[in-house]
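Survey of secondary and tertiary structure
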There are 2 protein chains.
Amino acid sequence: MSIEALFKPKSVAVVGASGKPGKIGYAIMKNLIEYGYEGKIYAVNVKGGEIEISGRKFQVYKSILDVPDEVDMAVIVVPAKFVPQVIEECGKKGVKVLPIISSGFGELGEEGKKVEQQLVETAHKYGMRILGPNIFGIVYTPAKLNATFGPTDVMPGKLALVSQSGALGIALMGWTILEKVGLSAVVSIGNKSDLDDADMLEYFEDDENTGAILIYMEGVKDGRKFMEVAKRVSMKKPIIIIKAGRSERGAKAAASHTGSLAGADSIYTAAFKQSGVLRALTIGEAFDWARTLSNLPEPEGDNVVILTNGGGIGVMATDAAEEEGLKLYDNLEELKVFANHMPPFGSYKNPVDLTGMAGAEAYEGAVRDALAHPEMHAIAVLYCQTAVLDPRDLAEIVIREYEASGRKKPIVVAIVGGIEAKEAIDILNERGIPAYPEPERAIKSLSALYRWYNWKMKHRKE
Amino acid sequence: MSIEALFKPKSVAVVGASGKPGKIGYAIMKNLIEYGYEGKIYAVNVKGGEIEISGRKFQVYKSILDVPDEVDMAVIVVPAKFVPQVIEECGKKGVKVLPIISSGFGELGEEGKKVEQQLVETAHKYGMRILGPNIFGIVYTPAKLNATFGPTDVMPGKLALVSQSGALGIALMGWTILEKVGLSAVVSIGNKSDLDDADMLEYFEDDENTGAILIYMEGVKDGRKFMEVAKRVSMKKPIIIIKAGRSERGAKAAASHTGSLAGADSIYTAAFKQSGVLRALTIGEAFDWARTLSNLPEPEGDNVVILTNGGGIGVMATDAAEEEGLKLYDNLEELKVFANHMPPFGSYKNPVDLTGMAGAEAYEGAVRDALAHPEMHAIAVLYCQTAVLDPRDLAEIVIREYEASGRKKPIVVAIVGGIEAKEAIDILNERGIPAYPEPERAIKSLSALYRWYNWKMKHRKE
């Protein structure tokens, strides 16, 4: 039972579709249309009739069985009590995957869990898979599929985001839009009655549109399965997990929230470490790392070079690099190449200080030389906003040089400054070059890439 | 020799004023005018004539001695070689303070340091004080004074920012505008030939417009003096310091950057701790703390209450609180008051989960009750963006309730979400209520307030 149709359905039906703004069955139709899904969209609702959404008219089929063509995915929005019958009909129709938005199942207690189990049995009988229930939907940007009631305008990119929490998941979708984090997919897995985190990892393992996977997790049901899959997938792609409930009191609060016992946190820590999973402690840290891990190639060695125009931020980045165990390239003979791009009072020692006078030419030359040098394996470009060089111009220089070099090395950028600095950071992130407003965040993200890479290399030898 | 005139000059002369955009002597005139300085502004330049800036015409005096009125502050922008003579003239004129923007002194080596010393001797002979040289200027928002060549539109507020690094200082001014950090002052102290960090601390100690002080420091000259002053000032107002060069390699890079030996980092750590100084490791952390420390009153006890609409972010905040050693209020009898503002499946245990259904009324009631309760000493309001409540409306609710309560307790806010969430965060910060895009950042900032407060309480007893 492949779950390909969850990401690349040829047609989607919304069961419980509505023409009334404010309804979930309206929001999902609207997102499907406005995000540009190119397959067929069908509206299903026992009320029948006709509805208009985003300027498009839809005939409303009273049952999915009335839809004249094949349906790959049925997004189910009807109240819980009608779900069993709808699933039966979906089975008869030959639907492949069922994202069940509706809530009112396992999250309410034992009785709800039993109903959930029956839904799964029915679905499997017909060869269907269930996502959820109790979810906000699914996004897959390469297929222009946004079957959620979250924000419409997700930025395409290479990060797959999986969330167990619905409310937080939607909020994080918004965050990625604001912060220009490019996504391949957003999956709300909710109650995990059938498909779970491990299934998503297995799909993204071979998905060429996904470079890294970020999971917000409250607990796993089958720890052994998850670890096995995570370990295998980590050999190909980095996995970042936010797992709340680290502290004793936090774990208690989590237990009363999800109903599932979170388990001793140290067990998660050990399991993640063994599986190559990077555990992020905060949302910000997770997305910081994800930017770098989803967009950049693996390094070919340990030598990191820091280019900067500010002594202060150079020192701060060096502190962070040393604390993170990154190796700053030390070969003064070779570093001398940067002397061509700085005034006499600059320093080509690593961190390479191009000085506050560094303009477009200095950065262009230095970035190009660093990208071309075979022994410089990863680069951190730092810039403190000055009157000499508009940060947006710096962004264009870095993009041009990086593209010209064939994107073969990891590169991270940090720009400290005001509104223009923020715009420059957005420009870089939109082009898949990880950029941050603080030097330490750039360095720590590069370090996360090295941590994953080193785990992989060590594990490969075993 | 009071330095009052550095912050509240009755009149300012720019020596080296220029009518040409791109020149520093133009930028400073422009900022003085456009930021709304209400005292008299005089342009001085050996070239004489007349210049027009921001629609205002200025007669250019060939020497400060020609200015017909008294001059409190002379901002000096002329090349280094002319500075000695200018200072002599300023002395004769009866100027009180001299921010010397010009570079080309101590930062070039021993000879420059000697010249600097002579400048200071001349100034002191006339009862004048020098800020700099090698600085970008000074801002004091209550006097609408922006005598810098940095950004114009600094947001007024209660944080005093002092930077040893010029480039980073200007970049940080931009950052505060972008991130809505309200400032009372920005002081570039550069080479510290006369006035230094300790002098600034002493001024801000009694400045009613300043609630907290943030210093970016590369090294101190007189460690004993600094510590004594910092310890005394910390009893009244919190001091946050970013001191780069923590790591061995970072310290080396700092030494080659500033020329001054940074000294063993552990000495700084110990000295800061003893003086009640909060050491921030990154720019982001420093400003996060500064928001809370500059705007909020001291707590009257240890009991923290977390209000949230999302189980997930509630758990994350609880983890952070426990790790930071904050005490979550535990009295279930009293916490029951929140049951009035949640559906039956909510939880009034701390973290108080108002549930994803929480709208305006729920938050209004819960925030009001928490502010009113005598045993709830500090409050963290968390919100995960949902369709039920626009985050901007939440911001207005928190502002209204906090103002109505008389701003007597510390309160921090975290809102996770997209563009509306960011707008809500900005609205809160503009009104002096610290708000963050992540629960942990709110909690850690509240914890910084408690660290300072606890140091002060302990020290007071000694």
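Since the structure is predicted, the reported quantities are computational estimates derived from the model, not experimental observations.

**Topic: the overall build of chain A**
- A count of helices and strands for chain A gives 16 helices and 20 strands.
- Against the compact-globule benchmark of 23 Å for 462 residues, chain A has a radius of gyration of 25 Å, which places it among compact chains.
- Along the longest, intermediate and shortest principal axes, the C-alpha atoms of chain A span 80 × 50 × 35 Å.
- The buried share of chain A, reckoned over its 462 residues, is 61%.
- Counted over contacts in chain A with a minimum sequence separation of 6, partners at least 24 positions apart contribute 74%.

**Describing the relation of the copies chain A and chain B**
- Turning chain A through 180° and shifting it by 0.0 Å along the axis lays it on chain B, with an RMSD of 0.0 Å. On the angle and the small slide along the axis, the relation comes out as a two-fold axis. If distances are taken from each C-alpha of chain A to the rotation axis, the shortest is found for Gly-284 of chain A, at 5.8 Å.
- Mapped onto chain B, 100% of the interface residues of chain A again fall at the interface, so both copies present the same surface.

**A closer look at the sheet that holds strand S11 (residues 183-188) of chain B**
Residues and elements named next belong to chain B.
- Strand order in the open sheet formed by seven strands is S9-S8-S11-S10-S12-S13-S14, and the pairing between neighbours is mixed. Here the strands that pair on one side only, and so sit at the sheet edges, are strand S9 (145-148) and strand S14 (278-280). Shown here is a sheet whose adjacent strand axes are inclined to one another by a mean of 20°, direction ignored.
- Sheet topology note: the strand S8 (residues 137-140)/S9 ladder contains four bridges and is antiparallel. If you follow Tyr-140 over to S9, its bridge partner there is Leu-145.
- Sheet strands in contact with helix H7 (residues 223-234) are strand S12 (212-217) and strand S13 (239-243), and its direction is about 140° off that of S13.

**Things to note about the sheet that holds strand S13 (residues 239-243) of chain A**
Residue and element names in this part refer to chain A.
- Overall, mixed pairing links the seven strands, which are arranged S9-S8-S11-S10-S12-S13-S14 in an open sheet. The sheet is open, and its two borders are formed by strand S9 (145-148) and strand S14 (278-280), each paired with just one other strand. Strand-to-strand twist of the sheet, defined as the mean angle between neighbouring strand axes without regard to direction, takes the value 20°.
- When strand S12 (residues 212-217) meets S13, the two strands line up parallel, connected through five bridges. Opposite Ile-213, over in S13, you have Ile-239 as the bridge partner.
- Packed on one face of the sheet, helix H6 (residues 197-205) meets strand S8 (137-140), strand S10 (156-163), strand S11 (183-188), S12 and S13 and runs near 170° to S12.

**Focus on the interface of chain A and chain B**
- Facing the 52 residues of chain A at the interface are 52 residues of chain B.
- For the chain A and chain B pair, buried surface summed over both sides reaches about 4,100 Å², with 65% attributable to carbon and sulfur atoms.
- For the interface between chain A and chain B, the tally reads six salt bridges.
- Its salt-bridge partner being Arg-246 of chain A, residue Asp-319 of chain B comes within 3.9 Å of it at the nearest N-O pair.
- Summed over the shared surface of chain A and chain B, the result is 22 residue pairs in polar contact (both at pLDDT 80 or more).
- Of all the elements in the fold, those that place two or more residues in the side of chain A that touches chain B are helix H5 (166-178), helix H8 (248-258), helix H10 (283-295), helix H11 (311-324), helix H15 (419-430) and helix H16 (439-461) of chain A.

**So, the packing of helix H3 (residues 83-93) of chain B against helix H4 (residues 110-125) of chain B**
Residue and element names in this part refer to chain B.
- It is the contact of H3 with H4, at a shortest axis distance of 9 Å, that shows an interaxial angle of 10°. What the angle tells us is that H3 and H4 run roughly parallel. Packed against H3, whose contacting residues are Val-83, Pro-84, Ile-87 and Glu-88, the element H4 presents Leu-119, Thr-122, Ala-123 and Lys-125 at the interface.
- Looking at the contact of H3 with H4, its residues break down into five nonpolar, one polar and two charged.

**Notes on the pattern of salt bridges**
- According to the stated counting rule, one finds 64 salt bridges over all chains in the structure shown.
- Linking Glu-38 of chain B and Lys-144 of chain B is a salt bridge whose minimum nitrogen-to-oxygen distance equals 3.5 Å. Placement of Glu-38 of chain B in the loop between helix H2 (24-34) and strand S2 (40-44) and of Lys-144 of chain B in the loop between S8 and S9 is noted, with a sequence separation of 106 residues between them.
- In this structure, Arg-392 of chain B and Asp-390 of chain B form a salt bridge, with 2.7 Å as the shortest nitrogen-oxygen distance.
- Shared partners join several salt bridges into a network, and the residues in it are Asp-196, Asp-199 and Lys-225 of chain A.

**So, unusual backbone geometry**
- Residues Gly-132 of chain A and Pro-133 of chain A are joined by a peptide bond in cis, for which omega reads 0°.
- Within the secondary structure, Pro-133 of chain A sits in the loop between strand S7 (129-131) and S8.
- For Lys-144 of chain B, which is not glycine, the phi torsion reads 50° and is therefore positive.
- According to the relative accessible area criterion, Lys-144 of chain B is partly exposed, its value standing at 39%.
- One non-glycine residue, Thr-355 of chain B, lies in the positive phi region at around 75°.

**A few points about the pairing of strand S10 (residues 156-163) of chain B**
Residues and elements named next belong to chain B.
- Across six bridges, the pairing between S10 and S11 is parallel. Bridge assignment links Leu-159 to a residue of S11, and that residue is Leu-183.
- Note on the crossover from S10 through helix H5 (residues 166-178) to S11: the handedness is right-handed.
- Direction of pairing for S10 relative to S12: parallel, over a ladder of five bridges. By the bridge assignment for S12, Leu-161 is matched with Leu-214.

**A short note on the side chain of Thr-176 of chain B**
Residue and element names in this part refer to chain B.
- Relative to the helices and strands, Thr-176 is located in helix H5.
- In this structure Thr-176 comes out as buried when scored by relative accessible area, which is 0%.
- Of the polar contacts made by the side chain of Thr-176, one reaches the backbone oxygen of Met-173; its length is 2.7 Å.
- Setting aside anything within four residues of it in sequence, one finds Thr-176 in contact with Val-181, Leu-183 and Phe-287.

**What to know about H15 of chain A**
All names here are of chain A.
- Its twelve residues give H15 an end-to-end C-alpha distance of 17 Å, which sits within 8% of 16 Å, the value for a rise of 1.5 Å per residue.
- For H15, the full list of buried residues reads Ala-421, Ala-424, Ile-425, Asp-426, Leu-428 and Asn-429.
- As for H15, its buried residues are in contact with H10, helix H14 (391-404), strand S19 (411-416) and strand S20 (435-436).
- Looking one or two places after H15, you find Gly-432, whose phi comes out positive at around 75°.

**Thoughts on the pairing of S8 of chain A**
All names here are of chain A.
- Alternating positions in S8 separate into two faces, Gly-137 and Val-139 on one and Ile-138 and Tyr-140 on the other, with burial throughout.
- Inspection of the sheet shows S8 paired to S11 by three bridges, in the antiparallel sense. Counterpart to Tyr-140 in the pairing with S11 is Ala-185.

Rules used in this analysis
Residues numbered from 1 in each chain as written. Chains lettered and ligands numbered in written order. Predicted model: local features only at pLDDT ≥ 70, side-chain atom pairs only at ≥ 80, totals over all residues. Heavy atoms only, no water. Helix = DSSP H or I, 4+ residues; strand = E, 2+ residues; numbered from the N terminus. Rg over C-alpha atoms; globule rule 2.2 N^0.38 Å. Buried < 20%, exposed > 50% of the residue type's maximum accessible area, 1.4 Å probe, protein only. Contact = heavy atoms within 4.5 Å. Least-squares fit on C-alpha atoms with pLDDT ≥ 70 in both. Pairing = 2+ DSSP bridges. Axes fitted to C-alpha atoms, helices over the stretch in contact; angles between N-to-C directions. Buried area = accessible area lost by both parts, 1.4 Å probe. Salt bridge = Lys/Arg side-chain N within 4 Å of Asp/Glu carboxyl O. Polar contact = N/O pair within 3.5 Å; in protein donor to acceptor, adjacent residues only side chain to side chain. Parallel < 35°, antiparallel > 145°, perpendicular 65-115°, else oblique. Nonpolar A, V, L, I, M, F, W, Y, C, P; charged D, E, K, R; others polar. Right-handed = clockwise from strand over helix to strand, strands pointing away. Expected span 1.5 Å × (residues − 1).

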